[in-house]
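Residue strings, one per chain:
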Amino acid sequence: MTTPALLPLSGRRIPTLSPGAASFPHHRATLRLSEKFILLLILSAFITLCFGAFFFLPDNSKHKRFDLGLEDVLIPHIEAPKGAKHPGEQVVIHGQGGHDEHRHREEEESLRDKIRVDHERALQEAKEKLRKSRDELRAEIQTEKSKVVEDLKKKKEVPKPLPPVPMPKVVGVNDGDSVEPDVKEKRDKIREMMKHAWDSYRQYGWGHNELKPLAKKGHSTNIFGNSQMGATIVDALDSLYMMGLHDEFKDGQEWIEQNLDFSVNAEVSVFEVNIRFIGGLLATYYLSGQEVFKVKAVQLAEKLLPAFNTPTGIPWAMVNLKSGVGRNWGWASAGSSILAEFGTLHMEFVHLTYLTGNPAYYQKVMHIRKLLAKMDRPNGLYPNYLNPRTGRWGQHHTSVGGLGDSFYEYLLKAWLMSDKTDTEARKTYDDAIEAIERHLIRKSNGGLTFIGEWKNGHLERKMGHLTCFAGGMFALGADGSPDDKAGHYLQLGAEIAHTCHESYDRTVLKLGPEAFKFDSGLEAVAVRQNEKYYILRPEVIETYWYMWRFTHDPKYRQWGWEAAQAIDKYCRVSGGFSGVKDVYSSNPTYDDVQQSFFLAETLKYLYLLFSSDDLMPLESWVFNTEAHPLPVLHLANLTLPGSQAQR
């Protein structure tokens, strides 16, 4: 028996009909006369209802879509209707009053006559059906069932063919061995940790989203819905490929080919599924060249598109993969969508448009950017909450950690991924970082640089583990920053890396807490019990790796090795790796979850830290927020909005 997925606080389970509940009963010997009469009544009522619905349903032409006038820019050309100025524009011809009204009445009367004839024909067909014997009816029903099953099989077996597109230049995906024996030894140790995590999942949680390493069984959370979608497999594949674990990679590929199915009745997080599944599948496609990963990524992306059907085009946080119905988290401010969630789609969606030729993906994310550009920002800061119905900000809470983090990351990475041609994204990033530095970044009494959180005009002197990614972001964005500030931002990245290392070093286990404060004489230390846990997070190690790539200061490898040893000592169990509940306790208790991002990010960044720079060079690859590498797109013949070629 599987454990039901957790739901948000406000979530409710909706009862659904069990499969086959509406099918014809097989235990009846005959269809009695009364049953035939009831069936006839039902058919008649249904047809009458259809007849009435035609006249009472609302006129769709009266509904207007929220549109900012974006053009299809990633596809070379799209035909517009004759006489229309832009793609998708409708040509309106004004009629001549009374003549049009008379013609409209005639058309309406003709349509009524047609419906009446159809109604009578349907009733006649129903009567004929009821005159048939039980065996004849059963045979007809079986034929129809077989036809439906066959149609479904055809649809499943024949995915839409994708247009051939040039493969971006893929470099530096293998090797990366260091010539230094001690560095190579550490790298091999990280690979061994990856193999232990994967083998444990393979043995105890195969096909489940994640693993409970102590209970030695599968685990899932509400971000993945109630289905077994193999999140750990999809998340880990590119790490396995980079590390040369070929047999393990092959097992994962076979599971994806045979079992990964998105036509499930599951409500999932749009953000999490995008960064883990679509990002993971796209990265693995580019690394391995195996077509199956691209096809699966596109199939899933199509399932996410209904989430954007809101009055503003800001997507819902969750969407049901089967029904396409979306909604937001119950705990979010007044039904708002979250900045880090709707702002962390750009990288994957640009690649989806590139690979499919479908402009919809690119248009969706550019629409979000254009909408945000038109909005007022308090003190130049982006609040974490935005209502998708009204287009207004929720409560004024700004964070570079949870709820906000990867929005800023993706502005910078949109520019890098576009071969530095998307200058609009770069300008938006620079403006946002300037406001963050002015209002959120401070030095503690002890000299530690930290990034606080802005809440209703007040700076909270607290920093989350998630915020620690920003050190790497500042270093990555240093080159290209305005006013010759490259040195300043590289130094800022180093200061954040130092602060986050202190948050690790000041614990008993040498692992960082979820959040830490800078007040009341305490610095870089967690105060509340519910902030003392470590769930195998990667952000501090991510910053170490970026700082190593840009400075080659040996302390970053030393700090990374300290973290790797602590993880191996305190988080490793016989059934995998587990988070711990209190990093200040010498006898830690486990949370019994091996997160999928541990294999996707934490171990990958550690492996890269002890590899040479020719493995995944940053000139050719941009890592999404789940550490899935996507190649830079050298779009020689295409220009993105706001871009100026800088070749």
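Everything discussed here concerns the structure shown above.
Residues numbered from 1 in each chain as written. Predicted model: local features only at pLDDT ≥ 70, side-chain atom pairs only at ≥ 80, totals over all residues. Heavy atoms only, no water.

(A) The arrangement of the pattern of salt bridges in detail. Considering all chains together, one arrives at 31 salt bridges under this definition. We note a salt bridge from D568 to K189, for which the minimum N-O separation is 3.0 Å. A residue pair is termed long-range when its members are at least 10 positions apart, and D568 in helix α17 (residues 554-570) and K189 in helix α4 (residues 181-204) qualify at 379 residues. With a relative accessible area of 25%, K189 lands in the partly exposed category. Note that K427 and D431 form a salt bridge whose closest N and O atoms lie 2.8 Å from each other. Note that K427 and D431 are positioned in helix α13 (residues 423-439) at a spacing of four residues, about one turn of the helix. Residue classification places D431 among the partly exposed residues on the basis of a relative accessible area of 35%. Taken together, the shared-partner salt bridges in this structure form one network comprising K189, E192, D568 and R572. (Salt bridge = Lys/Arg side-chain N within 4 Å of Asp/Glu carboxyl O. Helix = DSSP H or I, 4+ residues; strand = E, 2+ residues; numbered from the N terminus. Buried < 20%, exposed > 50% of the residue type's maximum accessible area, 1.4 Å probe, protein only.)

(B) Highlighting the packing of aromatic side chains. Counted by the stated rule, this structure contains 26 aromatic pairs. On the numbers, 5.6 Å between centres and 55° between planes, the contact of Y544 with W559 is tilted. Here W559 lies in helix α17 and Y544 lies in helix α16 (residues 539-551), a separation of 15 residues in the sequence. Accessibility classification places Y544 together with W559 in one group, the buried group. The interplanar angle of 35° and the centroid separation of 5.7 Å between the aromatic rings of W545 and Y605 together place this pair among those described as tilted. Taken together, the residues span a long stretch of sequence, with W545 in helix α16 and Y605 in helix α18 (residues 596-609) at a distance of 60 residues. Under the relative-accessibility criterion, W545 is labelled buried at 0%. (Phe/Tyr/Trp six-rings, centres within 6.5 Å; stacked < 30°, edge-to-face > 60°.)

(C) How the structure looks around empty space enclosed by the protein. Under the criterion given, the structure shown has four cavities of 30 Å³ or more. Roughly 70 Å³ of volume is contained in the largest cavity. The wall of the largest cavity is formed by V270, F271, P315, W316, A317, S337, I338, E341, F342 and L345. When its residues are assigned to classes, the lining of the largest cavity shows eight nonpolar, one polar and one charged. (1 Å grid on protein atoms, 1.4 Å probe; cavity = no way out; pocket = protein on both sides within 12 Å on 5 of 7 lines; lining within 4 Å. Points joined across faces, edges and corners; volume = space filled by probe spheres on them. Nonpolar A, V, L, I, M, F, W, Y, C, P; charged D, E, K, R; others polar.)

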